[in-house]
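So the chains spell out like this:
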Amino acid sequence: MESLKLGWSFVNLAEAWDFWKKYGKSVGFGVRKDYINQSKKDGVCTSAVFVCCKEGKRQEDKRRIGSIHRWETRSQCHVKVNIALDRGSHKYKIKNFVEEHNHELEPPETCHMIRSYKEVSASYGLAIELASDSELTPRATHELLCKEAEGRAKLGFIMEDQRSYLRSNREKKYGICDKLVTNIFWSDSRMIVDYVYFGDVLTFDTTYGTNKELRPLGAFVGLNHHRQMVIFGGALMYDETIDSFAWLFETFLKAHGGKRECDLIQDMGYAFGIWHLNQNGIKHLGWRMKEGSTFLTN
């Protein structure tokens with residue numbers, strides 16, 4: 001793509017911005033809007049500066065002292081283009097252009113990974129929504145779209161952008177924000193009664209996952225006097241952090257009246273393994289387990 005030249009004109013700032021994005025992608029760098037000046041008299045945009053995404057230096061966040069900071073992505077690159085309104089022709093012209101970068105440029109095969117160019121088009125957005133309604137997993141949906149686009153580079157966005165698109169659409173359509181709803185716990189009256197009688201020993205595990213969002217699905221499980229499985233509660237969790245588990249266990253105790261006199265087995269695989277062994281033993285060796293038999297205890 002041809003480099004920018006002084007004096008070039010654009011119909012409006014939107015056209016100038018689109019050209020700057022195309023130029024940046026062809027060269028191999030991300031772009032940002034530095035600032036846009038607007039006239040106080042008539043509200044018309046009089047000038048703008050578009051820069052490289054690595055322009056400037058991120059200021060230190062004093063609120064995060066001692067914590068791990070994000071990777072530094074800016075290198076004080078001076079590449080920029082100044083555009084100003086020509087009142088006579090009513091067009092926006094390039095007044096200044098700095099071309100030399102102080103960092104390595106991205107190769108064409110990875111330019112689609114730059115944040116400036118990751119965008120979900122309307123057609124892909126519709127395909128993502130249809131796949132979500134059909135309960136396809138995000139990974140399967142992304143692989144299908146990549147195949148149709150003949151490669152990840154031509155697709156123009158990654159799987160995380162796909163998730164963000166669905167999330168923002170839900171917020172706009174239903175007024176739902178993921179930041180408001182994170183972890184969900186439920187326990188009905190039958191579960192509460194079962195916990196009173198059979199909650200001395202229970203297991204908890206989050207090895208399950210939902211099909212659409214792959215969120216951890218946890219279950220508090222125990223055995224009744226017939227060695228049958230009973231459920232004391234369930235939880236759909238946003239993540240598996242310490243804060244989430246602390247909230248979950250506190251909520252579980254609150255729902256069951258604060259009863260703490262129980263043993264918790266965290267290895268669900270081990271617990272269910274023992275349960276299945278007992279069930280298979282009863283099924284195939286029932287004749288050895290008659291009244292008075294010590295087979296199970298031995």
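Report on the accompanying structure. None of these values were measured; they are calculated from a predicted model.

Side note on the overall build of the protein
When helices and strands are tallied, the protein shows eight helices and 10 strands. By residue count, 31% of the 298 residues in the protein fall in the buried class. Contacts in the protein between residues at least 24 apart in sequence constitute 55% of all its contacts with a sequence separation of at least 6. Carbon and sulfur atoms make up 53% of the accessible area of the protein, which amounts to about 20100 Å² in all.

As for empty space enclosed by the protein
Within this structure, the stated rule accounts for one cavity of 30 Å³ or more. Roughly 30 Å³ of volume is contained in the largest cavity. As for the largest cavity, its lining consists of L4, F10, A16, F19, W20, F50, V81, I83 and I94. Mapped by element, the contributors of at least two residues to the lining of the largest cavity are α1 (13–27) and β4 (80–86). For the lining of the largest cavity, the leading source of residues is α1, giving three residues. For the lining of the largest cavity, a count of residues per class yields nine nonpolar, no polar and no charged.

Thoughts on the pairing of strand β5 (residues 91–98)
One ladder, built from two bridges, connects strand β1 (residues 9–10) with β5; its direction is antiparallel. By the bridge assignment for β5, F10 is matched with Y92. Pairing geometry for β4 and β5, over seven bridges, is antiparallel. Residue pairing in the sheet places I83 in a bridge with I94 of β5. Where β4 hands over to β5, the hairpin turn is made up of four residues, of which H90 adopts a positive phi near 60 degrees.

Quick word on the pairing of strand β2 (residues 31–38)
Pairing geometry for β2 and strand β3 (residues 45–52), over seven bridges, is antiparallel. Looking across to β3, one finds that K33 is bridged to F50. Between β2 and β3, which follow one another and run antiparallel, lie six residues, and G43 among them has a positive phi close to 75 degrees.

Scoring rules and cut-offs
Residues numbered from 1 in each chain as written. Predicted model: local features only at pLDDT ≥ 70, side-chain atom pairs only at ≥ 80, totals over all residues. Heavy atoms only, no water. Helix = DSSP H or I, 4+ residues; strand = E, 2+ residues; numbered from the N terminus. Buried < 20%, exposed > 50% of the residue type's maximum accessible area, 1.4 Å probe, protein only. Contact = heavy atoms within 4.5 Å. Areas by Shrake-Rupley, 256 points an atom, 1.4 Å probe, with all protein chains shown as cover. 1 Å grid on protein atoms, 1.4 Å probe; cavity = no way out; pocket = protein on both sides within 12 Å on 5 of 7 lines; lining within 4 Å. Points joined across faces, edges and corners; volume = space filled by probe spheres on them. Nonpolar A, V, L, I, M, F, W, Y, C, P; charged D, E, K, R; others polar. Pairing = 2+ DSSP bridges.

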